[in-house]
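An overview of the molecular structure
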Amino acid sequence: VQLVESGGGLVQAGDSLRLSCTFSDRNFNEYAMGWFRQSPGESREFVAGISYTGGNTYYADFVKGRFTISRDKAKNTMSLQMNNLKPEDTAVYYCAADRSGLGHTKQLYTDWGQGTQVTVSS
């Protein structure tokens, strides 16, 4: 499985960004997908997840109401719409895949992209 993120960049506080992840395997619809992030000196943390059906979504408390995760089964892609960005959202964002299909458990994510940098200036 190959995951490739895109859409990161430098924005100001209050702006929006949309991250995308392309999934290479033809079994995309069997995997749950998620986004994680990691800041310098910090551990990687769960941001959002979506089940293999797309019917269930999960969010970390610090992004609820601001970020929205979605998936496009026809295009084998998954996205994260990030609104009202804050400086503390600055991190490398990673796309990940969960073969269980569930999407809500960090330990079940076993395939990772290379990450895309998001920087939010104040």
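Residues numbered from 1 in each chain as written. Predicted model: local features only at pLDDT ≥ 70, side-chain atom pairs only at ≥ 80, totals over all residues. Heavy atoms only, no water.

Concerning the environment of E88
Counting through the fold element by element, E88 comes out in the loop between β8 (77-82) and β9 (91-98). Overall, E88 belongs to the exposed group, its relative accessible area being 53%. On a C-alpha basis, the gap between E88 and A60 in space is 14 Å, while along the polypeptide they are 28 residues apart. (Helix = DSSP H or I, 4+ residues; strand = E, 2+ residues; numbered from the N terminus. Buried < 20%, exposed > 50% of the residue type's maximum accessible area, 1.4 Å probe, protein only.)

Overview of the pairing of strand β7 (residues 67-72)
Side-chain alternation along β7 places F67, I69 and R71 on a buried face and T68, S70 and D72 on a face that remains uncovered. Connecting the antiparallel pair β7 and β8 is a turn made up of four residues, with N76 showing a positive phi of about 55 degrees. (Pairing = 2+ DSSP bridges.)

Some points on the sheet that holds strand β1 (residues 3-6)
The antiparallel open sheet is built from four strands, whose spatial order is β1-β3-β8-β7. Either end of the sheet is taken by a strand with one partner, and the two such strands are β1 and β7. The sheet shows a mean angle of 15 degrees between the axes of neighbouring strands, taken without regard to direction. Direction of pairing for strand β3 (residues 17-23) relative to β8: antiparallel, over a ladder of six bridges. Following the sheet pairing, L19 is matched in β8 by L80. (Axes fitted to C-alpha atoms, helices over the stretch in contact; angles between N-to-C directions.)

Some points on the nonpolar core
In this structure, M33, W35, L80, M82 and Y93 are the most contacted members of the largest nonpolar core, which totals 27 residues. At the level of elements, β3, β4 (32-38), β5 (45-50), β7, β8, β9 and β11 (116-121) are the ones that each hand at least two residues to this core. When near neighbours in sequence (up to four residues on either side) are disregarded, L80 contacts L17, R18, L19, W35, V47, A48, F67, T68, I69 and Y93. (Core = buried A, V, L, I, M, F, W, Y, C linked by side-chain atoms within 4.5 Å. Contact = heavy atoms within 4.5 Å.)

Some details on the pattern of salt bridges
Evaluation of the coordinates by the stated rule reveals five salt bridges. The residue E45 makes a salt bridge to R37 at a minimum N-O spacing of 2.8 Å. For E45, a relative accessible area of 30% translates into the label partly exposed. Using a relative accessible area of 5% as the deciding quantity, one classes R37 as buried. The closest approach of N and O atoms between D61 and K64, which form a salt bridge, is 3.2 Å. By relative accessible area, D61 is classed as exposed at 65%. Where salt bridges share partners, they join R37, E45, R66 and D89 into one cluster. (Salt bridge = Lys/Arg side-chain N within 4 Å of Asp/Glu carboxyl O.)

Some remarks on the packing of aromatic side chains
As enumerated under the stated definition, the model contains five aromatic pairs in all. By way of ring pairs, the aromatic residues F36, F46, Y109 and W112 are connected into one cluster. Residue placement shows R44 over the ring face of W112; its charged tip is 4.8 Å from the ring centre. The lysine or arginine in question, R71, covers the ring of F28, its NZ or CZ lying 4.3 Å from the ring centre. (Phe/Tyr/Trp six-rings, centres within 6.5 Å; stacked < 30°, edge-to-face > 60°. Lys NZ or Arg CZ within 6 Å of the ring centre and 35° of its normal.)

Some words on the environment of T53
When you line up the elements, T53 lands in the loop between β5 and β6 (57-59). A sequence separation of 30 residues divides T53 from N83, and the C-alpha atoms of the two residues are 24 Å apart.

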